[in-house]
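What follows is each chain in one-letter form.
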Amino acid sequence: PFQNASPSARSVALHFYSRLFRADTQADRDPWAAGVVPDLAQSVETQDGQTWTVTLRPDAWFHRVEPVDGRAVTADDVVASVERLQAVDSPVLARLRHWTRVEAVDDRTVQFTLAAPSADFLDEIADPTLLVIAPREAIAGEVDLGVTPVGSGPWMLESRRAGALRLLANPDLTGGRRPATDLLELTYLDASLALERFRTGRVHVAGVRADEVLPLRAEQHEVHWRGQVPPLMSFLYFSPEPGVPWR
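A brief look at the structure comes next.

Reading guide: rules and limits
- Residues numbered from 1 in each chain as written.
- Predicted model: local features only at pLDDT ≥ 70, side-chain atom pairs only at ≥ 80, totals over all residues.
- Heavy atoms only, no water.
- Helix = DSSP H or I, 4+ residues; strand = E, 2+ residues; numbered from the N terminus.
- Buried < 20%, exposed > 50% of the residue type's maximum accessible area, 1.4 Å probe, protein only.
- Contact = heavy atoms within 4.5 Å.
- Areas by Shrake-Rupley, 256 points an atom, 1.4 Å probe, with all protein chains shown as cover.
- Salt bridge = Lys/Arg side-chain N within 4 Å of Asp/Glu carboxyl O.
- Pairing = 2+ DSSP bridges.
- Axes fitted to C-alpha atoms, helices over the stretch in contact; angles between N-to-C directions.

1. What to know about the overall build of the chain
Across its full length, the chain carries 6 helices and 9 strands. In terms of principal-axis extent, the alpha carbons of the chain reach across some 60 × 55 × 35 Å. By the burial criterion, 37% of the 247 residues in the chain qualify as buried. In the chain, 52% of the contacts between residues at least 6 apart in sequence involve partners at least 24 apart. When the accessible surface of the chain is summed, it comes to about 14,800 Å², and 53% of that surface belongs to carbon and sulfur atoms.

Written out as structure tokens, the structure reads:
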């Protein structure tokens, strides 16, 4: 989860990992209007917008797998995760340079110091393309997270095969955070095959192209629709040379 900035890859990783805060998304709510709510955090305090103190919830545990065996998530895990994101090979390093210091005050308290006051710090740490929390043992290399994802999120990897992942609900989540179903299968298909399997009931969620919406609506009246704005990354390049436009 630390070496891939792809929104598609991150959407898979978020099944396994938690953040300090997350977007308060609901099925009947515009996701672009959602605020942020605690995930691993219990509370956050700041006096000046530059120093932020985050207290972790006491019932946050990693998955019951090696090498963590369900131990509590601690401030040291948060610090290790931030330091991994700020490593020289991190694809999001430039976005975190203003996080000048992150330190563990005690087992459940993390303090972030920014280069300047920030009004949107909570949105930053809730951003699914930025900070997810992994155990410090994994970051130290005791397990390959690309093969065995170990987090504290709602799902645990049971098995994988070509083009598919089989996930089990994390039984240790509390406070209404546990998934509504015990089993989830993620299948990766090309667009035409995904639509064909959706039509025959072999998959239950599928994305469709704009030109497929009206025929499918006419064909299957019971389908529930949800619009989605696709991920977009935009770049502006400026030349340091004098006399060049967009300098």
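2. Here we look at the pattern of salt bridges
Summed over the entire model, instances satisfying the criterion amount to 12 salt bridges. Linked by salt bridges that have partners in common, R71, D77, R136 and E137 make up one network.

3. What about the environment of A34?
Summarising the element assignment, A34 is placed in the loop between β1 (21-23) and β2 (36-38). In this structure, the C-alpha to C-alpha distance between A34 and D24, residues 10 residues apart in sequence, is 5.3 Å. Residues within four places of A34 in sequence aside, it is in contact with D24, T25 and R29.

4. Notes on the sheet that holds strand β7 (residues 155-161)
Strand order in this open sheet of 3 strands is β7-β8-β9, and the pairing throughout is antiparallel. The two strands at the open ends of the sheet, each matched to only one other strand, are β7 and β9 (183-187). Taken over all neighbouring pairs, the strand axes of this sheet differ in orientation by 25° on average, direction set aside. The pairing of β7 with strand β8 (residues 164-169) spans 6 bridges and is antiparallel. Note that in β8 the partner of S159 across the bridge is R166.

5. Brief notes about the pairing of strand β4 (residues 51-56)
Of the pairings in the sheet, the one linking strand β3 (residues 41-46) to β4 comprises 5 bridges and is antiparallel in character. Counted as the bridge partner of V44 is V54 from β4. The turn joining β3 and β4, which pair antiparallel and follow one another in sequence, is formed by 4 residues; a positive phi near 80° is taken by G49. Of the strand pairs in this sheet, β4 and strand β6 (residues 109-114) are connected by 5 bridges, and their pairing is antiparallel. By the bridge assignment, W52 is partnered in β6 with F112.

6. Points about the pairing of β8
Where β7 folds back on β8, the antiparallel hairpin that results is connected by 2 residues, among which G163 adopts a positive phi of roughly 80°. Here 5 bridges tie β8 to β9, and the two strands are oriented antiparallel to one another. Residue R166 lies in a different strand from β9, and its bridge partner there is E185.

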